[in-house]
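As a plain string of letters, each chain reads:
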Amino acid sequence: MGRKFFVGGNWKCNGTTEDVKKIVSTLNAGELPSTDIVEVVVSPPFVFLSQVKSELRPEIQVAAQNCWVKKGGAFTGEVSAEMLANLGVPWVILGHSERRALLNETNEFVGDKVAYALSQGLKVIACVGETLEQREAGTTMEVVAAQTKAIADKISSWDNVVLAYEPVWAIGTGKVASPAQAQEVHAGLRKWFEEKISAEVAAKTRIIYGGSVSGSNCRELAGQTDVDGFLVGGASLKPEFIDIIKAAEVKKCA
Ligand code: PEP
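- Looking at an unreviewed UniProt entry, one finds the chain named Triosephosphate isomerase, cytosolic, with Tagetes erecta as its source organism.
- Under the Sequence similarities (unreviewed entry) heading, UniProt states for the chain: "Belongs to the triosephosphate isomerase family."
- Taken from UniProt, the Subunit (unreviewed entry) comment for the chain reads in full: "Homodimer."

Structure representation (structure tokens):
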């Protein structure tokens, strides 16, 4: 069974209601490939989730950018997985490097979050990736394997997880990984799945790339065997997000 191309748009902490209206109308007017060949998910800030979910064309799903690690309660400022499920939000992004770096989320904490979100019926875009220092020290595979293992240790199925490889040095910097660099890590992660989990999980789990993906570099990246889609930050707020979604056509022709 082939892996359906997946494109996520991470809007991060951006936008006003007017901006959101503009982005949604651009997405609603865009000519998109069929849902048979690409799955598209956009992730607005929590406060806009309901607005986007109700105004966006039904082929595009929504994701939250985070959720709490366990059942809701006395956790001021947090949003629980139960609340997202109750709102009909199907996806959540967890382990984004901005949260790991700025909010000190550890590998274990991210693993716990992924497990809890899955237990509540959410699907998860789980992010892993090395810093520039780690890459230069030659520890990229070790770092992403440890981040993936911390998730694997807490979950019993990868069916509802998309793994996003996002090198930290490429996020929001305009410095995209070369197609060969992306392919090397994606293939390494797939091998890790095969050796540590199962051949089936290795073959089925979508591994998407994130880090300065744009309308001009997306097709070459999509052409790599183990790149199953993208997680897009900055460009997901712009009309070029449509071109990035269309990169799924590269796989169809492959
Ligand atoms: C991201 O935030 O997940 C991301 C990949 O950002 P950008 O595309 O802006 O590098």
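The structure having been displayed, the exposition proceeds.
### A look at the site of the ligand
So, point 1. Around the ligand there are 14 residues in total, and Lys12, Glu166, Gly172, Ser212 and Gly233 lie nearest to it.
So, point 2. At a separation of 2.6 Å, an oxygen atom of the ligand approaches a polar backbone atom of Gly172.
So, point 3. The separation between an oxygen atom of the ligand and a polar main-chain atom of Ser212 is 2.8 Å.
So, point 4. Relative to its unbound accessible surface of 290 Å², the ligand loses 95% to contact with the protein.
So, point 5. Across the shell around the ligand, the residue classes break down as four nonpolar, eight polar and two charged.

### Quick word on the environment of Val176
So, point 1. By secondary structure assignment, the location of Val176 is in the loop between strand S6 (161-165) and helix H8 (179-196).
So, point 2. Given a relative accessible area of 28%, Val176 falls into the partly exposed group.
So, point 3. Val176 sits 41 residues away from Asn217 along the chain, and the two C-alpha atoms are 8.3 Å apart.
So, point 4. The contact partners of Val176, leaving out residues within four places of it in the chain, are Trp169, Ala170, Tyr209, Gly211, Ser212, Asn217 and Leu221.

### Topic: the packing of helix H5 (residues 107-119) against helix H7 (residues 140-152)
So, point 1. Look at H5 against H7: their axes get within 7 Å of each other, and the N-to-C directions meet at 40°. By the angle between their axes, H5 is oblique relative to H7. Note that H5 runs across H7; the crossing there is right-handed. On the side of H5, the interface is formed by Asn107, Glu108, Val110, Gly111 and Val114, while H7 contributes Ala146, Gln147, Ala150 and Ile151.
So, point 2. Residue composition of the contact of H5 with H7, grouped by class: five nonpolar, three polar and one charged.

### Things to note about the sheet that holds S6
So, point 1. What the eight strands build is a closed barrel, ordered S1-S2-S3-S4-S5-S6-S7-S8; its pairing is parallel. Strand-to-strand twist in this sheet, taken as the mean axis angle between neighbours without regard to direction, amounts to 25°.
So, point 2. Looking at chain direction, strand S5 (residues 123-128) and S6 are connected through five bridges and run parallel. Pairing of Ile125 across the sheet is with Val162, part of S6.

Thresholds applied
- Residues numbered from 1 in each chain as written.
- Predicted model: local features only at pLDDT ≥ 70, side-chain atom pairs only at ≥ 80, totals over all residues.
- Heavy atoms only, no water.
- UniProt positions renumbered as here; feature names shortened; annotations may be inferred.
- Near = heavy atom within 4 Å.
- Polar contact = N/O pair within 3.5 Å; in protein donor to acceptor, adjacent residues only side chain to side chain.
- Areas by Shrake-Rupley, 256 points an atom, 1.4 Å probe, with all protein chains shown as cover.
- Nonpolar A, V, L, I, M, F, W, Y, C, P; charged D, E, K, R; others polar.
- Helix = DSSP H or I, 4+ residues; strand = E, 2+ residues; numbered from the N terminus.
- Buried < 20%, exposed > 50% of the residue type's maximum accessible area, 1.4 Å probe, protein only.
- Contact = heavy atoms within 4.5 Å.
- Axes fitted to C-alpha atoms, helices over the stretch in contact; angles between N-to-C directions.
- Parallel < 35°, antiparallel > 145°, perpendicular 65-115°, else oblique.
- Left-handed = near helix turned anticlockwise from the far one by under 90°.
- Pairing = 2+ DSSP bridges.

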